[in-house]
Every structure is written in C-alpha cells, then in structure tokens.
Amino acid sequence: MHKWIMFVVFIAASVFGLYLLAFELPEKPVDESAGLPEGMTLLKIEAYSDFTFGQPEYRVKQGDSVRLLLQNKSGVHGIEIAALGIKLEGDTLQQDVVFDQPGEYDIVCSIPCGTGHATMMSKLIVEAA
C-alpha cells in the first residue's frame, strides 16, 4: 500500500512539473533600476484597467535625474504631464527627466481607455531641494 501511495504522489508531481514547463514558470522579478545610469532614480507609474494609477501621488526631489517608466498592468493606457511636456504612450513608455521646478503636476491618462477615463488621474509632486 505504501508503494502505491508513493507512486501516485510521484505521478502527480510529474504531471504538475510538465504543466509548469508547458505553460511557463513564473518569471523571476527583475530589478529595473539596476541598469540606470549613476545618479538616476526610477519612478515607475503603474496603470490599471479600473481607471487608477498605482499611487494617488508620486514624489521626486527638485534637481533629481529620474527615469519615468509607464507600466500597463491591465488595459492600454498612456500618461501625460502637460505642464512638463511629458507624454508616454504607444512605443514610448519611458523618458529620462530632470525636474527643475518644484510644484504639483497633474498626471492624466492620455489614451481613451473606457468609461472611467476622465477620472484616471494622479499627482506628481516635485519637492523643493
């Protein structure tokens, strides 16, 4: 009887292993800030299909060199910070920026993404040095 149970466990583990190989193993997390130039920080803005961004506000320091990265978690979105002339959408989902002026800037979705598109907003706060 003991051999029979071990045989069933072995078969189940084998089937599970084949399933993972066929439908890909989960990807390992990638440190996206590892490839940045020295002195540059990463600001990742995530967009979701429930018409929200990952955070209600994002903060950076005046004078910081920042790589803005838009990551669409679900749905197709873009971001625009009109006061700073920043627009990320389509094939351009990242931009390197130095924030010279402190202040609060509106981040809006630049691609019509559904009924909640008009309310899809966040803030970028550039803190004085």
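Everything here concerns the structure above.
Draft legend 1. Representation of the nonpolar core within the structure. By size, the foremost hydrophobic cluster in this structure holds 22 residues, and its most contacted members are L43, I45, F53, L68, F99, I107 and L124. Within the residue set of this core, elements represented by two or more residues are β1 (40-48), β3 (57-61), β4 (65-72), β5 (79-81), β6 (86-88), β8 (103-109) and β9 (121-127). When residues no more than four places from it in sequence are discounted, the contact partners of L43 are Y58, V60, V66, R67, L68, L69 and L124.

Draft legend 2. Expanded view of the pattern of salt bridges. Throughout the structure, instances matching the rule amount to 6 salt bridges. A salt bridge links K123 to D106; the shortest N-O distance between them is 2.6 Å. Here K123 is found in strand β9, whereas its partner D106 is found in strand β8, with 17 residues between them in sequence. Owing to a relative accessible area of 43%, D106 belongs among the partly exposed residues under this scheme.

Draft legend 3. Up close: the environment of T52. The residue T52 is located in strand β2 (residues 52-53) in this model. Sequence separation between T52 and G116 is 64 residues, and the spatial gap between their C-alpha atoms is 8.9 Å. The residues touching T52, leaving out its near neighbours within four places in the chain, are E46, A47 and M120. Side chain to side chain, T52 and D50 meet in a polar contact 2.6 Å long.

Draft legend 4. Layout of the sheet that holds β6. Strand order in the open sheet made by the 5 strands is β3-β9-β8-β5-β6, with mixed pairing throughout. Two strands lie at the open edges of the sheet, namely β3 and β6, each paired on one side alone. Here the average twist between neighbouring strands, direction ignored, is 20°. Bridge count between β8 and β9: 6 bridges; the pairing is antiparallel. Considered in β9, the bridge of D106 is made with K123.

Draft legend 5. Structural view of the pairing of β8. Note: β5 against β8, 2 bridges, orientation antiparallel. Across the sheet, residue I79 finds its bridge partner in β8, namely C109.

Draft legend 6. Region of interest: unusual backbone geometry. You will see that F51, though not glycine, has its phi angle at about 65°, which is positive. Its place among the elements puts F51 in the loop between β1 and β2.

What counts and what doesn't
- Residues numbered from 1 in each chain as written.
- Predicted model: local features only at pLDDT ≥ 70, side-chain atom pairs only at ≥ 80, totals over all residues.
- Heavy atoms only, no water.
- Core = buried A, V, L, I, M, F, W, Y, C linked by side-chain atoms within 4.5 Å.
- Buried < 20%, exposed > 50% of the residue type's maximum accessible area, 1.4 Å probe, protein only.
- Helix = DSSP H or I, 4+ residues; strand = E, 2+ residues; numbered from the N terminus.
- Contact = heavy atoms within 4.5 Å.
- Salt bridge = Lys/Arg side-chain N within 4 Å of Asp/Glu carboxyl O.
- Polar contact = N/O pair within 3.5 Å; in protein donor to acceptor, adjacent residues only side chain to side chain.
- Pairing = 2+ DSSP bridges.
- Axes fitted to C-alpha atoms, helices over the stretch in contact; angles between N-to-C directions.

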